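Survey of secondary and tertiary structure
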Amino acid sequence: FFTLPTTSMIIFKAFACVEFENGEGGVDAYMLVDMTLRCDDDRYWDTHFFALLMVFVFPIGVPLAAYILLWTRRREIEGRNSRLGGPELNVLSFFFRTYAPNRWRVGVVEMLRRLMPGWLLLLQYASRVLLAALFVSSLFLYGWREIMPCYDASSDLLGYASSWFVVTCILGLLASATMDSQLLGPSEEIVAWFLVLINAGILGLIAWLGARYDKIDIYDAREFAPGGAGAGSTAGSKSRSRNTSFLQESRKSKVHKARRRSNAFGVSHRTNRPPGAAVAPEPGAAVAPEPGAAV
């Protein structure tokens, strides 16, 4: 997640050339990462071929290998009762520990999203790069809102807010690129301060989520714990809700989390409950007894 995007960006830059006027009515193209290499030189084509091989090793090979490893352990991942799962998943837990058991593929999707800036370099023209980046980031934002893939509700909220921040940054770049040159200076300063304020808001959101963890995540788990909300004493329920199996049940149902997102953002969500999973009743709602059960 740290070295792969950087390495891939260097690889993709090997395909990019920068053109300069040569003073004779033509242009000379030089390699972006090494201005000593002309793009029509034999050394450049050797570098180009090596970079092409590395594309299959890093930007394509690493996500593909990660997906294959996770797919071979998909039953253990989807059946785990905690973030990390059993000892047999220790090596792979880095990829899925942030996500709900049935959303382990999102880890690979997130890896591909981090590689997207390198792929966009192949478009060369800035306008195409920004438009493609806006489309991809908006698509990722919509997908995150619909599936809410994280293991806990606070991470879902933070991921959704961060996705909006990425979209806002791209819109700011598009606005700067299309402004009139006479207005570019002060307008860029306004856009920059606006993005700084949004970034400060994200940091504030992180602090708020950390301070309200018990109310956002633990309460959610307690509501879907066996016995429902308010079962037993408050202290006992809160203690039992910290059990990872209770957290697992709350992530499987997703009902309370979807309702909370709808209230917070004014959007609707599809429930992500496995077939046959029990749904906790609303607080105070009457529950019909099972057939044949004593009342």
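Quick note: structure is the one above.
Notes on the structure follow. (Residues numbered from 1 in each chain as written. Predicted model: local features only at pLDDT ≥ 70, side-chain atom pairs only at ≥ 80, totals over all residues. Heavy atoms only, no water.)

So, the packing of aromatic side chains
Defined as follows: Any two of the Phe, Tyr and Trp rings considered here, Trp counted by its six-membered ring, make a pair once their centres fall within 6.5 Å; the pair's planes then place it as stacked at under 30 degrees, edge-to-face at over 60, or tilted in between. By definition, any uninterrupted DSSP run of H or I lasting at least four residues is a helix, any uninterrupted run of E lasting at least two residues is a strand, and each is numbered from the N terminus. Here, a charge over a ring is recorded when the distance from Lys NZ or Arg CZ to the ring centre is within 6 Å and its angle to the ring normal is within 35 degrees.
For the coordinates displayed, the defined rule picks out six aromatic pairs. For the pair Phe-12 and Trp-119, a centre-to-centre distance of 4.7 Å together with 55 degrees between the ring planes defines the contact as tilted. Within this pair, whereas Phe-12 is found in helix 1 (residues 3-13), its partner Trp-119 is found in helix 6 (residues 106-120), the two being separated by 107 residues in sequence. The positively charged end of Arg-74 is found above the aromatic ring belonging to Trp-71, 4.0 Å away from the centroid.

Considerations on helix 2 (residues 42-57)
How we decide: An expected span of 1.5 Å times one less than the residue number is assigned to each helix. Per-residue accessibility, obtained with a 1.4 Å probe over protein chains only, is compared with the maximum for each type, and a residue is labelled buried under 20%, exposed over 50%, and partly exposed between these values. Note that the arc is computed from the directions linking the helix axis to the C-beta atoms. The contact rule is simple, with two residues in contact once any of their heavy atoms fall within 4.5 Å. Pairs of N or O atoms are called polar contacts if they sit within 3.5 Å, as long as, within protein, a hydrogen donor faces a hydrogen acceptor (for residues adjacent in sequence, only side-chain-to-side-chain pairs).
The terminal C-alpha atoms of helix 2 lie 23 Å apart, and with 16 residues this matches the ideal 22 Å at 1.5 Å per residue to within 8%. Here helix 2 has its buried residues at Tyr-44, Ala-51, Met-54 and Val-55. Buried residues of helix 2, viewed axially, fall in a sector of 110 degrees; they line one side. Opposite its buried face, helix 2 presents the exposed residues Asp-42, Asp-46, Phe-49, Phe-50 and Phe-56, each directed more than 90 degrees away. Where helix 2 is buried, its residues contact helix 1, strand 1 (17-21), strand 2 (27-31), helix 3 (61-72) and helix 6. Capping the start of helix 2 is the job of one residue whose side-chain oxygen sits 2.7 Å from the backbone nitrogen of Arg-43: Asp-41.

A look at the pattern of salt bridges
What counts is decided by this rule: What makes a salt bridge here is a side-chain nitrogen of Lys or Arg within 4 Å of a carboxyl oxygen of Asp or Glu, nothing more.
Counted according to the given criterion, the structure contains seven salt bridges. The residue Asp-40 makes a salt bridge to Arg-38 at a minimum N-O spacing of 3.2 Å. With relative accessibility at 30%, the residue Arg-38 sits in the partly exposed group. Two residues, Glu-76 and Arg-73, come together in a salt bridge whose shortest N-O distance is 3.4 Å. The exposure class assigned to Glu-76 is partly exposed, which follows from its relative accessible area of 30%. Overall, Arg-73 belongs to the partly exposed group, its relative accessible area being 31%. One salt-bridge network, held together by shared partners, links Asp-28, Arg-38 and Asp-40.

With respect to the state of the cysteines
Linking two cysteines covalently through their sulfur atoms gives a disulfide. Put simply, the test is: The disulfide criterion used throughout: a pair of cysteine sulfur atoms within 2.5 Å.
One pass over the structure, following the stated rule, counts one disulfide. Paired by a disulfide, Cys-17 and Cys-39 hold their sulfur atoms 1.9 Å apart. Between Cys-17 and Cys-39, the disulfide has an S-S torsion of -115 degrees and is therefore left-handed. Note that Cys-17 is positioned in strand 1 and Cys-39 in the loop between strand 2 and helix 2, a separation of 22 residues in sequence.

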